[in-house]
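Summary of structural features
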Amino acid sequence: MTIDFPNKHFLINGEWVCSDVELDLINPSTGDIIGQVSAAGNDHINDAVRVARDTLENTWNNITARERSSILTKLGRLIEENIDLLARLEATDVGKPLKQARADVKALARYMEFYAGAADKLHGDTIPYLQDYTVYTLREPHGVCAHIIPWNYPMQIIGRSVGAALATGNTCILKPAEEACLTALAFGALTREAGLPDGVLNIVTGSGDTGAHLSQHSGIDHISFTGSVSTGIKIQQSAAQNVVPVTLELGGKSPQIVFNDADLDAALPFLVNAGIQNAGQTCSASSRILVQRGNYAKVVSMMTAKYKMLLVGSAMDDLDIGPLISKKQHEIVSDYIRQGTDLELAAKGKFNADINNDGFYCLPHLFVDVPPDHSLAQNEIFGPVQIIIPFEDEDHAIEIANGTGFGLVASVWTQDGSRQMRMAQRLRSGQVFINNYGAGGGVELPFGGRGLSGHGREKGFEAMFGFTTLKTVAHYHG
Ligand code: ADP
């Protein structure tokens, strides 16, 4: 099986285009340059927006929801058929262990399946009104949508964002991150094989400048962005200039809260995995573990034992943790670890024996007894660093859990049903999990944040509302 997409090109109107500005692609496991990518400039962005508009008005608007559904179904199948190739591409480009890359491919295929199934099930309402009126609502696509995505989960984020936008009849311009764009380009090639008309999905590669041109363009009708808070703020400012809606998913400092009556054996794998998955470079990573005093020593000792066994190695070695994405990210995470020198370090993981010293590897670190206002307890680190904080009672747990600027995900471990309900209500967070964390990814489950974690909801049916605008039609027939 192969997926054909030419080196150093991006996709506009079904054609592979290049520019004379090239950026190196680096394998995080080895530090080697594995290729280059072309950076789309202003003219390319203008072309992409014009093509997306023309295609919307002349082609895509005339295609029924059922036809969109069958294209997405075919695309999902093609993704599954190419799982090995896509997973290896992602593992090489992002540095994530192969089994995690495979899980991402499956999630991308599942998003296509979900949104294929949902495409012809979105509808408006009829509204009882005055005598001789019939009033109804229509859910219409925004038009041309920009999707600016990060490097940590390219395939999953393409799935949830582009999948929902296509299903609802938008045309798209996808801007993958400069650090990891190979699976986005492969996805572009597969959309053509699946019969998506040229110009419905355009892909522009490049650095933040390309993203800035795209988000500032007056021809864009909606922007969805996943990435850092600082870039999210700029994108919201660009959206404000053109008065267009924007969905922002900006990460978090998500807590897991362990009460004295928690089932610790059930909790332990979630407590650790949710922090170290993808080397902690996950928006919904659980970087804070809050433990009630009665269980504190036990949880510290259980997590410490697990941390000591964690192995760090290359993506292809497929161990617990791969490298960080880049040298820059390695420096950021190392700086946070240095800020923890005043804290008690309970455990670190281990490097695999034959680790390549030119890769961007970072040992997982577990800090304990961390004051809730410490920089490691307040900032998103985006690396394999977890902290444990003790708490006394429910009120105290809520005060700490809600005590950062973020509010993406939280989980509560307790057997007490009333407490489960109270905590779910009181946590300031876009998702709350009871006695689990992440619910296995949950393509169907609305996802998004509060505060610095952003706004708008992706995933599930809710995303379809986000990618449509509501029109009310009042028909007088008196
Ligand atoms: P990080 O700092 O972790 O790389 P960013 O939030 O800067 O994360 O990047 C996420 C995505 O946003 C990438 O595709 C990147 O190229 C893009 N980007 C970076 N800066 C800007 C900007 N000023 N405007 C629009 N997109 C940007």
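Since the structure is predicted, the reported quantities are computational estimates derived from the model, not experimental observations. (Residues numbered from 1 in each chain as written. Predicted model: local features only at pLDDT ≥ 70, side-chain atom pairs only at ≥ 80, totals over all residues. Heavy atoms only, no water.)

1. Remarks on the pairing of strand S20 (residues 431-434)
The side chains of a regular strand alternate, first on one face of the sheet and then on the other. With burial as the criterion, only one face of S20 is covered, namely that bearing Gln431 and Phe433; the residues Val432 and Ile434 on the opposite face remain uncovered. Here strand S19 (residues 409-413) pairs with S20 via 4 bridges, running parallel. In the sheet register, Ala410 faces S20, and the bridge partner there is Val432. (Buried < 20%, exposed > 50% of the residue type's maximum accessible area, 1.4 Å probe, protein only. Helix = DSSP H or I, 4+ residues; strand = E, 2+ residues; numbered from the N terminus. Pairing = 2+ DSSP bridges.)

2. Points about the domain arrangement of the protein
Under the domain assignment used here, the protein contains domain 1 (10-250) and domain 2 (255-441). With centres defined by C-alpha atoms, the gap from domain 1 to domain 2 works out at 30 Å. On the domain 2 side, the residues contacting the 24 residues of domain 1 number 26 residues. Interface area, domain 1 with domain 2, both sides summed: about 2000 Å², of which 56% is carbon and sulfur. Our count for the domain 1 to domain 2 interface comes out at 1 salt bridge. Ionic pairing is found between Asp318 and Lys99, a salt bridge with its closest N-O pair at 3.5 Å. At the junction of domain 1 and domain 2, the tally comes to 12 residue pairs in polar contact (both at pLDDT 80 or more). Put simply, the parts of the chain that give the side of domain 1 that touches domain 2 at least two residues each are helix H3 (83-94) and helix H4 (98-118). For the side of domain 1 that touches domain 2, the element with the highest residue contribution is H3, accounting for 5 residues. (Domains from an automatic or database assignment. Contact = heavy atoms within 4.5 Å. Buried area = accessible area lost by both parts, 1.4 Å probe. Salt bridge = Lys/Arg side-chain N within 4 Å of Asp/Glu carboxyl O. Polar contact = N/O pair within 3.5 Å; in protein donor to acceptor, adjacent residues only side chain to side chain.)

3. Here we look at helix H5 (residues 154-167)
Compared with the 20 Å implied by 1.5 Å per residue over 14 residues, the 19 Å span of H5 between its first and last C-alpha is a close match. Extensive coverage of H5 is indicated by the burial of 14 of its 14 residues. After H5 finishes, the residue Gly169 shows a positive phi value of roughly 95 degrees. (Expected span 1.5 Å × (residues − 1).)

4. Concerning unusual backbone geometry
Positive phi is not limited to glycine here, since Lys8 has a value of about 60 degrees. The phi dihedral of Asn278 is positive, around 55 degrees, even though this residue is not glycine. Counting through the fold element by element, Asn278 comes out in the loop between helix H9 (264-276) and strand S13 (288-292).

5. Overview of the sheet that holds strand S5 (residues 126-127)
Pairing is antiparallel across the open sheet formed by 3 strands, whose spatial order is S5-S6-S22. Since the sheet does not close on itself, it has two edges, and those belong to S5 and strand S22 (468-476), each with one partner.

6. Brief notes about the site of the ligand
With respect to spatial proximity, 19 residues lie near the ligand, and among them Ile149, Lys175, Glu178, Ser228 and Thr231 are the closest. One of the side-chain nitrogen or oxygen atoms of Ser228 is found 2.7 Å away from an oxygen atom of the ligand. Thr231 is positioned with one of its side-chain polar atoms (N or O) 3.0 Å from an oxygen atom of the ligand. Taking 550 Å² as the accessible area of the ligand by itself, protein coverage stands at 83%. Class assignment of the residues belonging to the shell around the ligand gives a composition of 8 nonpolar, 6 polar and 5 charged. (Near = heavy atom within 4 Å. Areas by Shrake-Rupley, 256 points an atom, 1.4 Å probe, with all protein chains shown as cover. Nonpolar A, V, L, I, M, F, W, Y, C, P; charged D, E, K, R; others polar.)

7. Digging into the pairing of strand S18 (residues 385-391)
When you tally the buried positions in S18, you get 7 out of 7 residues, the bulk of the element. Burial along S18 is two-sided: the face carrying Val385, Ile387, Ile389 and Phe391 and the face carrying Gln386, Ile388 and Pro390 are both buried. Pairing analysis gives 5 bridges linking S13 to S18, with the strands arranged parallel. Bridging across to S18, Ile289 finds its partner in Ile388. With 3 bridges joining them, strand S17 (residues 365-368) and S18 adopt parallel strand pairing. Among the inter-strand pairings, His365 is bridged to a residue of S18, identified as Val385.

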